[in-house]
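Descriptive structure summary
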Amino acid sequence: MNDKKKIITGLAIFLFLFTLPIWYNLVSATSAPEPELSAKAKAAKTCVRSKEYMVAEHMQLLDVWRDTVVRTGERTYTNPDGKQFNMSLSTGENSCIGCHVSKADFCDKCHNYASVNPYCWDCHIDPKEKK
Amino acid sequence: MNFKYLYSLILVIALFLIAYAGVEMAGMQFVFGILVPYAAVVIFLWGFISKILCWANSAVPFRIPTTAGQQKSLDWIRQNKIDNPSTTIGVVVRMALEILTFRSLFRNTKMALHKGAKLIYSWEIWLWVGALAFHWAFFTTVTRHLRFFTDPVPFPITLLEKADSFFQVGLPLVFQSGIVLLAALLFLFLRRLLEPQVRYISLAADYFPLFLLIGIALSGILMRYFIKTDVVAAKELAMGLVTFQPCIPETVGSIFYIHLFLVSTLLAYFPFSKLMHFGGVFLSPTRNQANNTRMQRHVNPWNYPVNTHTYEEYEDEFREKMIDAGLPVDKE
Ligand code: HEM
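To start, this report covers the structure provided alongside it. In this text the structure is predicted, and so the values were computed from the model without any measurement. Counting from 1, residues in each chain are numbered in the order their sequence is written. Chain letters and ligand numbers both follow the written order, the letters beginning at A and the numbers at 1. A pLDDT threshold of at least 70 governs which residues receive local features in this predicted model, and a stricter bar of 80 or more applies before side-chain atom pairs are shown or counted, although totals over entire chains, interfaces and linings include all residues. Hydrogens and waters are ignored; side-chain quantities use all the structure's heavy atoms.

**Overview of the site of the ligand**
Residues and elements named next belong to chain B. This is how the line gets drawn: The nearness test applies per residue and asks whether one of its heavy atoms lies within 4 Å of the molecule or strand. Two N or O atoms count as a polar contact when they lie within 3.5 Å, although within protein this holds only if one can serve as hydrogen donor and the other as acceptor, and sequence-adjacent residues are included solely when both atoms are side-chain atoms. Secondary structure elements are taken from DSSP: a helix is a run of H or I of four residues or more, a strand is a run of E of two residues or more, and numbering for both begins at the N terminus.
In the vicinity of the ligand, 24 residues are found, and the nearest of them are Arg144, His145, Arg147, Arg224 and His259. Measuring from a nitrogen atom of the ligand, one finds a side-chain N or O atom of histidine 145 at 2.7 Å. The side chain of histidine 259 places a nitrogen or oxygen atom 2.8 Å from a nitrogen atom of the ligand. Those elements that provide at least two residues to the shell around the ligand are helix H5 (126-144), helix H7 (176-194), helix H9 (204-226), helix H10 (231-242) and helix H11 (254-269).

Laid out in structure tokens, this is it:
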């Protein structure tokens, strides 16, 4: 006597769970996100920092901005090239949303893909998002 | 002094350097991003399945009744339905508690000489705490990682991420489980290193999984909080793997390949190591069998046939003679 039947059932369940992403992605479409650059951003040509830096570290830049504004009251950021920006998430022309314009077409594209849901928008409003 | 941990440490550092050199100097993104992960998964699945199938052939000839609790007996003796279950439901509860809360490890005791003369046993809970913290943090982290392998990311995973970053520390938000994972692993390693008795029995094969997991957690934490990389591209690579359309986005940093290489090593190593206790725990004979030997007969299948002659048969055969001789009989 042995428990072969039960063990093989358990093994099958494990294999199904382990390979779940494969089955899941068979039924759901996938494509890498393409954040849309607004006309304004296109005109500006460059972001606050280099593109590589922004892609990987924009949240840390925002963290520094937030702390700087709230703790020191300093509201202008000067990047290594000497260009000045409004140290703000969404206020004024020269802020993240000021230049990138649409949260939905830009930030959210990546964020939905990578499953990040910044809580910033609980307080900071994106004026263009109202429908 | 037992220096076996050094072999394992050196090995994991070497793995780290292999991945780093392979990607940074030799430009072998294809090998470390596609070939190695696929090979690792194939080895993992093949090894895991064959090991379990091998175990499934083991004989289960009888029930093991000696478990920690009163078995089902007379009506007025209270049965311990979880520690000594007589039903499948009881077994399921006992197994669930064992697998989800490590109940038998919770009962861990420690023996020591008190003031050099008296032998005392005391409750030793820290191994249980460390083990439970590690396993749950590992489970949470791996489940959260499904966000790299699914698109759109299912709701339970986003919910788990929300819960795991509840304290909203820093940007990107700190995931508690990742930190607990690393801390628990360091604790488990220090336990082996600093406790003389445990150090004495520890082998390189005990240290290797610890260092490997420490390397994985460390590289993951470095990647998320310190040496940033393009996470969208990392997900593209991961999605390529699970949809069988592998691709190598150029913007993924070498820290990602190091992380992935260590995970691949873990997967390939898994079926041949003590880590198979993941599958083995479900087969614990003192935990997964109902103690119903008093209700059901379990016949050992390879017993040679025993010719029996029961009392009933004996009486049938000799009834007349017994009555003649004045012996009492059950049936007239
Ligand atoms: C044994 C399995 C694994 C473990 C234990 C593990 C552990 C970790 C840990 C602790 C972190 C730090 C952040 C966090 O707490 O989530 C992390 C981050 C990361 N891991 Fe893993 N990992 C594993 C497998 C993988 C695999 C297979 C991939 C391949 C896609 C991967 C890709 C990443 C990426 C891209 C990050 C950075 C996440 C971010 O910046 O938000 N990991 N990992």
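**Details of the side chain of B:Ser8**
As a reminder of what qualifies: Note on contacts: a residue pair is in contact if any heavy atoms of the two residues lie within 4.5 Å.
Its location among the elements puts B:Ser8 in helix H1 (residues 4-24). Residues within four places of B:Ser8 in sequence aside, it is in contact with B:Ala204, B:Tyr207, B:Phe208 and B:Phe211.

**Some words on the packing of aromatic side chains**
How we decide: Between rings of Phe, Tyr and Trp, where Trp is taken as its six-membered ring, a pair exists when centres lie within 6.5 Å; planes separated by under 30 degrees are stacked, by over 60 edge-to-face, and by other angles tilted. Categorising residues by exposure relies on relative accessible area from a 1.4 Å probe, with only protein chains included: less than 20% of the type maximum marks a residue as buried, more than 50% marks it as exposed, and the intermediate range marks it as partly exposed. In our convention, an over-ring charge means Lys NZ or Arg CZ found within 6 Å of a ring centre and within 35 degrees of that ring's normal.
Counted under the stated rule, the structure contains 29 aromatic pairs over all chains. Centroid distance B:Tyr38 to B:Phe244: 6.1 Å. Interplanar angle 5 degrees. Geometry classified as stacked. In this pair, B:Tyr38 sits in helix H2 (residues 29-56) while B:Phe244 sits in the loop between H10 and H11, placing the two residues 206 residues apart along the sequence. Judged by relative accessible area, B:Tyr38 falls into the partly exposed class, the value being 25%. Note on B:Phe166 and B:Phe167: the rings are 5.3 Å apart at their centroids and 85 degrees apart in plane angle, and the pair reads as edge-to-face. An aromatic cluster of at least three residues, connected via ring pairs, comprises A:Phe14, A:Phe18, B:Phe44, B:Phe48, B:Phe270 and B:Phe278. In this structure, A:Arg49 packs its charged tip against the face of A:Tyr53, placed 4.1 Å from the ring centre. For the cation-ring pair, B:Lys235 lies above A:Tyr113, with the distance from its terminal atom to the ring centre recorded as 4.6 Å.

**Re the coordination of the iron atom of the ligand**
Residue and element names in this part refer to chain B. To be explicit about the condition: Sites may look incomplete because water is not among the atoms; the donors themselves are N, O and S atoms within 2.8 Å of the metal, or within 3.2 Å for Na, K and Ca. Square planar and octahedral sites, with four and six donors, are those where opposite donors lie more than 155 degrees apart and all other angles lie between 65 and 115, tetrahedral sites have four donors with every angle between 85 and 135 degrees, and the rest are irregular.
The coordination sphere of the iron atom of the ligand, as far as protein atoms go, consists of His145 (NE2) and His259 (NE2), spread over 2.0 Å. Every donor counted, the six donor atoms about the iron atom of the ligand form angles of 86 to 179 degrees at the centre, which fits octahedral coordination. Here histidine 259 lies in helix H11 and histidine 145 lies in the loop between H5 and helix H6 (155-164), a separation of 114 residues in the sequence.

**Re a nonpolar patch on the surface**
What counts here: Patches in this entry comprise residues that are over 30% relatively accessible and not in a salt bridge; like charges within 9 Å are linked, as are nonpolar side chains (Val, Leu, Ile, Met, Phe, Trp, Tyr) within 5 Å. Surface accessibility follows the Shrake-Rupley procedure with a 1.4 Å probe radius. Residue values consider only the protein chains on display as shielding. Salt bridges are defined by distance alone: a side-chain nitrogen of Lys or Arg within 4 Å of a carboxyl oxygen of Asp or Glu.
On the surface, A:Ile13, A:Phe16, A:Leu17, A:Leu20, A:Trp23, A:Leu26 and A:Val27 cluster together into a nonpolar patch covering about 760 Å² of accessible area. When contributions to the nonpolar patch are tallied by element, the ones reaching two or more residues are helix H1 (4-18) and helix H2 (20-27) of chain A.

**Examining the packing of H9(B) against H11(B)**
All names here are of chain B. What counts here: Geometry is summarised by axes, namely lines fitted to C-alpha atoms with helices restricted to the contacting stretch, and by angles between N-to-C directions that run from 0 to 180 degrees. The labels follow the angle: roughly parallel below 35 degrees, roughly antiparallel above 145, roughly perpendicular from 65 to 115, and oblique for the rest. Each crossing gets its hand from how the near helix is turned against the far one by less than a right angle, where anticlockwise is left-handed and clockwise is right-handed. Three classes are used, and their members are as follows: Ala, Val, Leu, Ile, Met, Phe, Trp, Tyr, Cys and Pro are nonpolar, Asp, Glu, Lys and Arg are charged, and the others, Gly among them, are polar.
At a minimum axis distance of 9 Å, the contact between H9 and H11 shows a crossing angle of 150 degrees. Considering the angle they form, H9 stands roughly antiparallel to H11. Here H9 and H11 pass one another in a crossing that is left-handed. Here Ala205, Phe208, Pro209, Leu212, Leu213, Gly215, Ile216, Ser219, Gly220, Leu222 and Met223 of H9 lie close against H11, whose contacting residues are Ile255, Phe256, Ile258, His259, Leu262, Val263, Thr265, Leu266 and Tyr269. Classifying every residue of the contact of H9 with H11 gives 15 nonpolar, five polar and no charged.

**As for the packing of H1(B) against H11(B)**
Residues and elements named next belong to chain B. One can describe the packing of H1 onto H11 by two numbers: an axis separation of 9 Å at closest approach and a directional angle of 135 degrees. Here H11 runs oblique to H1, going by the angle between their axes. For the element pair H1 and H11, the recorded crossing hand is right-handed. In this structure, H1 contributes Leu15, Phe16, Ile18, Ala19, Tyr20, Val23 and Glu24 to the contact, and H11 contributes Ser254, Tyr257, Ile258, Phe261, Leu262 and Thr265. Class assignment for the residues of the contact of H1 with H11 results in ten nonpolar, two polar and one charged.

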